Protein chains: 2
Amino acid sequence: MSSENLETREKIMRATWKLLEESGGSGVRMSDIAKAAGISRQAVYLHFPTRADLLTGTARYMDEVRNIDERLAASRKAKGTNRLDLWVEAWGNYIPEIHGVGRALIAMRDTDEAAAAAWNDRMQAVRHGCEAAVTALKSAGRLMPDYSVEQATDLLWALLSVEMWEKLRFECGWSQTAYVSAMQKMARDSLVS
Amino acid sequence: MSSENLETREKIMRATWKLLEESGGSGVRMSDIAKAAGISRQAVYLHFPTRADLLTGTARYMDEVRNIDERLAASRKAKGTNRLDLWVEAWGNYIPEIHGVGRALIAMRDTDEAAAAAWNDRMQAVRHGCEAAVTALKSAGRLMPDYSVEQATDLLWALLSVEMWEKLRFECGWSQTAYVSAMQKMARDSLVS
DNA sequence: TGTCAACTTTACACGGTGTCAAGCAAAGGA
DNA sequence: TCCTTTGCTTGACACCGTGTAAAGTTGACA
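Residues numbered from 1 in each chain as written. Chains lettered and ligands numbered in written order. Predicted model: local features only at pLDDT ≥ 70, side-chain atom pairs only at ≥ 80, totals over all residues. Heavy atoms only, no water.

**Concerning the overall build of chain A**
Step number 1: Check the secondary structure of chain A and you find 10 helices and zero strands.
Step number 2: Counting helices and strands in the order they occur from the N terminus, chain A gives α-α-α-α-α-α-α-α-α-α.
Step number 3: Once the C-alpha set of chain A is aligned to its principal axes, its extents read approximately 60 × 35 × 30 Å.
Step number 4: Each of the 193 residues in chain A was classed as buried or not, and the buried ones make up 53%.
Step number 5: Considering only intrachain contacts with a sequence separation of at least 6, the fraction spanning at least 24 residues in chain A is 67%.
Step number 6: Carbon together with sulfur atoms contributes 50% to the accessible area of chain A, which is approximately 8,900 Å² in total.
Step number 7: A gap of 3 Å separates the mean positions of the 25 positive and 26 negative side-chain charges of chain A. (Helix = DSSP H or I, 4+ residues; strand = E, 2+ residues; numbered from the N terminus. Buried < 20%, exposed > 50% of the residue type's maximum accessible area, 1.4 Å probe, protein only. Contact = heavy atoms within 4.5 Å. Areas by Shrake-Rupley, 256 points an atom, 1.4 Å probe, with all protein chains shown as cover. Lys, Arg positive; Asp, Glu negative; His and termini not counted. Charge placed at Lys NZ, Arg CZ, Asp CG, Glu CD.)

Below is the structure:
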């Protein structure tokens, strides 16, 4: 019953995850997801009223499975410049895992208010991570004097955006490790005095 | 006849431009454009077979009207670091003018091959501008030694992307002048040794 | 035996893009 | 003057993907 319910719900989210990962986040229809989950299209709507609900549910589910909090914990313990490096690395290496769902949510932003809100909410969490890293820099007296904490946070957050990652990884053909080290260097060069 | 033809074509592109500018690049339908141009929806399809054609046609038209080549000429004459600053400024101040159409093309990329190709083509031109600025830096012996010309070009190009501009201007609420000077500084800090 | 919950099947509304075909009005040439 | 061409209009319709609605099936459990 309720366990069956949960199992189906999970099957749907796993199918969504898998398909979006394979497709790079586009061209995945509700019917494709239903088929991949081995249920009818209507059953998907029984669990997720709209596409945006399914996407945000899946995103939440992924964070849960991948245990995002724990993975970002290491960077929280470090200080100053080191903390910046660790944060960029932790988040930078998380992007590929959420990219499919992220791409789909980003694409829906223009037309769907709920999708926009969900994605903004998640990006706000990333912003907090950026802010913490910048504040640590400031505390260590190493923040580039030209920037306020807020400005530096904005810059770091924009630098670490999924869009930037997509550009460098796919359009420029960079490897994931090249991406991470370049972002670390760029963040250091731009924000550390 | 032929002049009438051209006039209508231009009316359509002007209407497209205006509506996309007003809306920020989303939620503009073919029927909206037709209405704004004062003609029937079918007449639009007589001049532009698909939405992607209309968008790319309008983008080209805008470059023509705004005389993009001339505006970027100044930066081409400068040398070394100065050239980088001028390039960032010239392109950075051009973004707001093309943003509406750009946003619409970006949104279509996921589903429409032609839109993707058109936008990539235009961004390739920007990349050339970035490459020229980086090469000038290299010639002056001021390019950050860690980067090859290609890597530095990729970074600068990603930094100057429309997506980055949108994030800082709208999501972070920066002014256009704040955006330009921050990008200049960031490009200098990251790419100049 | 009966009921409830989860799921299936079928059908349909809606919005946006793109197609098709018939018609109309004005310009221009014979 | 008539006829053709050109540029546009009008109206209908196909297609696709999302989301809704309703009736029917199946299995668990009391």
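**Considering the relation of the copies chain A and chain B**
Step number 1: Mapping chain A onto chain B is achieved by rotating through 180° and translating by 0.0 Å along the same axis, at an RMSD of 0.0 Å. Viewed as a symmetry operation, the transformation between the two copies matches a two-fold axis.
Step number 2: Both copies present the same face, since 100% of the interface residues in chain A are matched by interface residues at the equivalent positions in chain B. (Least-squares fit on C-alpha atoms with pLDDT ≥ 70 in both.)

**Comments concerning the domain arrangement of chain A**
Residue and element names in this part refer to chain A.
Step number 1: The domains assigned to chain A are domain 1 (2-64) and domain 2 (67-191).
Step number 2: Between the C-alpha centres of domain 1 and domain 2 the distance comes to 27 Å.
Step number 3: Summed over both partners, the interface of domain 1 with domain 2 buries about 1,300 Å², with 65% contributed by carbon and sulfur atoms.
Step number 4: Three residues, Leu55, Met62 and Asp63, lead the burial of domain 1 against domain 2; their summed loss comes to 37% of the area buried on that side.
Step number 5: A salt bridge links Arg122 to Asp63; the shortest N-O distance between them is 2.5 Å.
Step number 6: Looking at the side of domain 1 that touches domain 2, the elements with two or more residues in it are α1 (2-23) and α4 (51-66).
Step number 7: Per-element accounting of the side of domain 1 that touches domain 2 gives the leading share, 10 residues, to α4.
Step number 8: Its residues placed into classes, the side of domain 1 that touches domain 2 shows six nonpolar, four polar and five charged. (Domains from an automatic or database assignment. Buried area = accessible area lost by both parts, 1.4 Å probe. Salt bridge = Lys/Arg side-chain N within 4 Å of Asp/Glu carboxyl O. Nonpolar A, V, L, I, M, F, W, Y, C, P; charged D, E, K, R; others polar.)

**Regarding the interface of chain A and chain B**
Step number 1: With 30 residues of chain A in contact, the opposing surface of chain B contributes 30 residues.
Step number 2: For the chain A and chain B pair, buried surface summed over both sides reaches about 2,700 Å², with 66% attributable to carbon and sulfur atoms.
Step number 3: Looking only at chain A, the three residues that lose the most surface to chain B are Asp110(A), Lys167(A) and Met186(A), adding up to 20% of its buried area.
Step number 4: Counting across the chain A and chain B interface gives eight salt bridges.
Step number 5: Of all the secondary-structure elements, those providing two or more residues to the side of chain A that touches chain B are α6 (80-109), α7 (113-139), α8 (149-159), α9 (162-171) and α10 (176-191) of chain A.
Step number 6: Its residues assigned to classes, the side of chain A that touches chain B comprises 14 nonpolar, five polar and 11 charged.

**Quick word on unusual backbone geometry**
Step number 1: The phi dihedral of Asn67(A) falls on the positive side, at around 55°, and the residue is not glycine.
Step number 2: Tracing the backbone shows Asn67(A) in the loop between α4 and α5 (68-77).

**Quick word on the pattern of salt bridges**
A pair can form between side chains of opposite charge whenever their charged atoms are brought close.
Step number 1: Taken as a whole and assessed by the stated rule, the structure comprises 30 salt bridges over all chains.
Step number 2: Of the charged contacts, one joins Arg103(B) and Asp110(A) as a salt bridge, the two residues approaching to 3.8 Å between their closest N and O atoms. One end of the pair, Arg103(B), is in helix α6 (residues 80-109); the other, Asp110(A), is in the loop between α6 and α7, on a second chain.
Step number 3: A residue is classified by how much of its surface remains accessible, and Asp110(A), at 30% relative accessible area, is partly exposed.
Step number 4: Beyond isolated ion pairs, a larger network of salt bridges with shared partners links Arg109(A), Glu163(A), Lys167(B) and Glu171(B).

**Here's the deal with the side chain of Thr56(A)**
Residues and elements named next belong to chain A.
Step number 1: Tracing the backbone through its elements, the reader meets Thr56 in helix α4.
Step number 2: At 3.1 Å, the side chain of Thr56 forms a polar contact with the backbone oxygen of Asp53.
Step number 3: Setting aside its immediate chain neighbours within four residues, Thr56 contacts Leu105 and Ala118. (Polar contact = N/O pair within 3.5 Å; in protein donor to acceptor, adjacent residues only side chain to side chain.)

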